[in-house]
Amino acid sequence: VSPRDRAEVNSALRKLIRDGDDAPLASLQSGINAGMSTDSNPDGGFSVVPFLSPVMTERLHAISPMRQLARTELIATDVFEEIADTGEAGAEWVTERETRGDTDSPTLKKLSVPVHEISAMPKITQRLLDDSTFDLATWLTGHISQRFARKEGAAFVNGDGINKPRGILQYDTADTDDDTRAWGTLQTIPSGETAAIDEDSLVDLVYSLRPEYRAGAGFLMNRKTAAIVRKLKDADGRFLWAESLAAAEPPRLMGFPVYLDEEMPDVEASAIPIAFGDFASGYIIVDRIGLRLLRDPYTDKPNVRFYTTKRVGGAVFNSEAIKLLRVGT
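What you see is a predicted model; the values in this text were computed from it and never measured.

(A) Quick look at the overall build of the protein. Looking only at helices and strands, the protein features 9 helices and 15 strands. When burial is assessed residue by residue, the protein has 35% of its 329 residues classed as buried. By sequence separation, contacts in the protein at least 24 residues apart represent 70% of the contacts at least 6 residues apart. Split by element, the accessible area of the protein, about 20,400 Å² in all, is 51% carbon and sulfur.

So this is what it looks like as structure tokens:
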């Protein structure tokens, strides 16, 4: 501080003490610009370091429940095969002396489910992996696993079977029942409305399924369809939908559990927004080994590649165990 500045400060202090006049001191204070603050880095801002949370906010995505509902098989080759009994042996009543004629023999079909590969190969520089406050390698592999789960879940419902699993909505359909419909064709039940769902069609849907499959059956629909079905009532004004009283248990529709799958279509003309059935008896998911991860720090320096693959297949193996609600009359 210069002698001149010191003299001005002392004079202002004496004025305040002797006369109670604080104007000279206030004038000096208004002219001081050397205070430290956070909004100027040279004046102290460098000492204030932002807090970086150790938790990363991630976007949540809905994953199809089909893997939990369907039958799963782990194989050591690239194709799963199984023999299906698709017919019944003939029989007839005869008298004691009546000549016995030939009767129909049961028929067999072979199910073949190939596995398909899904892959991802993101890359991160080695320096970022070394210096980041997050464990980026673990975060990235977890992110890939979630993406794989969403991709395969979409295929289990809508996959066309070309380089991916074949989904339940990609099979031939017919309104005819099990006794007359061709094996491998799924039965559809009309909703009773051109662009909506009539509550009576849900009753028809449930009872189109044979009793031996109904014990393990459930509904599959997306949340928009669930909001529509949630409002439906029977003839006595009672809701068909009942919320679960137990934690983590799905709600129930007409006594059967409801599973939400955002891959299912919305309610609109000619769409199939609801599937009902015993999915463990009707749809098979075939896994080959599981998730495979290769960390490659060599071929693209200074990047580290995370080459991740999974091989999975899926198909309907019993077309009588799953029924579909078709919007229309």
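(B) The arrangement of the pattern of salt bridges in detail. Across all of its chains, the model carries 20 salt bridges by this definition. Notably, a salt bridge pairs glutamate 152 with lysine 310, separated by 3.2 Å at the nearest N-O pair. Residue glutamate 152 is located in helix 5 (residues 136-158), and its partner lysine 310 is located in strand 14 (residues 303-316); the two are separated by 158 residues in the primary sequence. Taken as a pair, glutamate 152 and lysine 310 share a single burial class, namely buried. Residue arginine 210 pairs with glutamate 320 through a salt bridge whose shortest N-O separation is 3.4 Å. With arginine 210 in the loop between helix 6 (199-207) and helix 7 (211-214) and glutamate 320 in the loop between strand 14 and strand 15 (322-326), this pair connects stretches of sequence that are 110 residues apart. The class of glutamate 320 is buried, set by a relative accessible area of 16%. Residues participating in the shared-partner salt-bridge network are Asp178, Asp179, Arg181, Arg210, Glu320 and Lys323.

(C) Spotlight on the sheet that holds strand 8 (residues 218-221). In space, the 8 strands of this open sheet follow the order 6-7-15-12-8-11-10-9, with mixed pairing throughout. Edge strands, defined here as strands with exactly one partner in the open sheet, are strand 6 (173-174) and strand 9 (241-242). The sheet contact formed by strand 7 (residues 186-190) and strand 15 spans 4 bridges and is parallel. Counterpart to glutamine 187 in the pairing with strand 15 is lysine 323.

(D) Layout of helix 5. Relative to the 33 Å expected for 23 residues at 1.5 Å per residue, helix 5 spans 33 Å between its end C-alpha atoms, a close match to the ideal helical length. If you check which residues of helix 5 are buried, you get Leu136, Ala137, Leu140, Ile144, Phe148, Arg150, Glu152, Gly153, Ala155, Phe156 and Val157. Where helix 5 is buried, its residues contact helix 3 (66-69), strand 4 (116-120), strand 5 (123-125), helix 4 (126-131), strand 13 (283-296) and strand 14.

(E) Representation of the packing of aromatic side chains in the model. Considering all chains together, one arrives at 4 aromatic pairs under this definition. The interplanar angle of 40° and the centroid separation of 4.6 Å between the aromatic rings of phenylalanine 219 and phenylalanine 276 together place this pair among those described as tilted. Of the two residues, phenylalanine 219 sits in strand 8 while phenylalanine 276 sits in strand 12 (residues 274-277), which places them 57 residues apart along the sequence. Considered together, phenylalanine 219 and phenylalanine 276 belong to a single accessibility category, that of buried residues. With centroids separated by 5.1 Å and ring planes inclined at 80°, the aromatic side chains of phenylalanine 256 and phenylalanine 276 adopt a geometry described as edge-to-face. Here phenylalanine 256, found in strand 11 (residues 256-260), pairs with phenylalanine 276, found in strand 12; they are 20 residues apart in sequence, far enough to count as distant. Each member of the pair, phenylalanine 256 as well as phenylalanine 276, carries the same accessibility label: buried. Clustering of aromatic rings is evident, with ring pairs tying together Phe219, Phe256 and Phe276. The ring centre of tyrosine 171 lies 3.8 Å from the NZ or CZ of arginine 166, which sits over that ring. Above the face of the phenylalanine 239 ring, arginine 230 is positioned so that its terminal group lies 5.4 Å from the ring centre.

Cut-offs and rules
- Residues numbered from 1 in each chain as written.
- Predicted model: local features only at pLDDT ≥ 70, side-chain atom pairs only at ≥ 80, totals over all residues.
- Heavy atoms only, no water.
- Helix = DSSP H or I, 4+ residues; strand = E, 2+ residues; numbered from the N terminus.
- Buried < 20%, exposed > 50% of the residue type's maximum accessible area, 1.4 Å probe, protein only.
- Contact = heavy atoms within 4.5 Å.
- Areas by Shrake-Rupley, 256 points an atom, 1.4 Å probe, with all protein chains shown as cover.
- Salt bridge = Lys/Arg side-chain N within 4 Å of Asp/Glu carboxyl O.
- Pairing = 2+ DSSP bridges.
- Expected span 1.5 Å × (residues − 1).
- Phe/Tyr/Trp six-rings, centres within 6.5 Å; stacked < 30°, edge-to-face > 60°.
- Lys NZ or Arg CZ within 6 Å of the ring centre and 35° of its normal.

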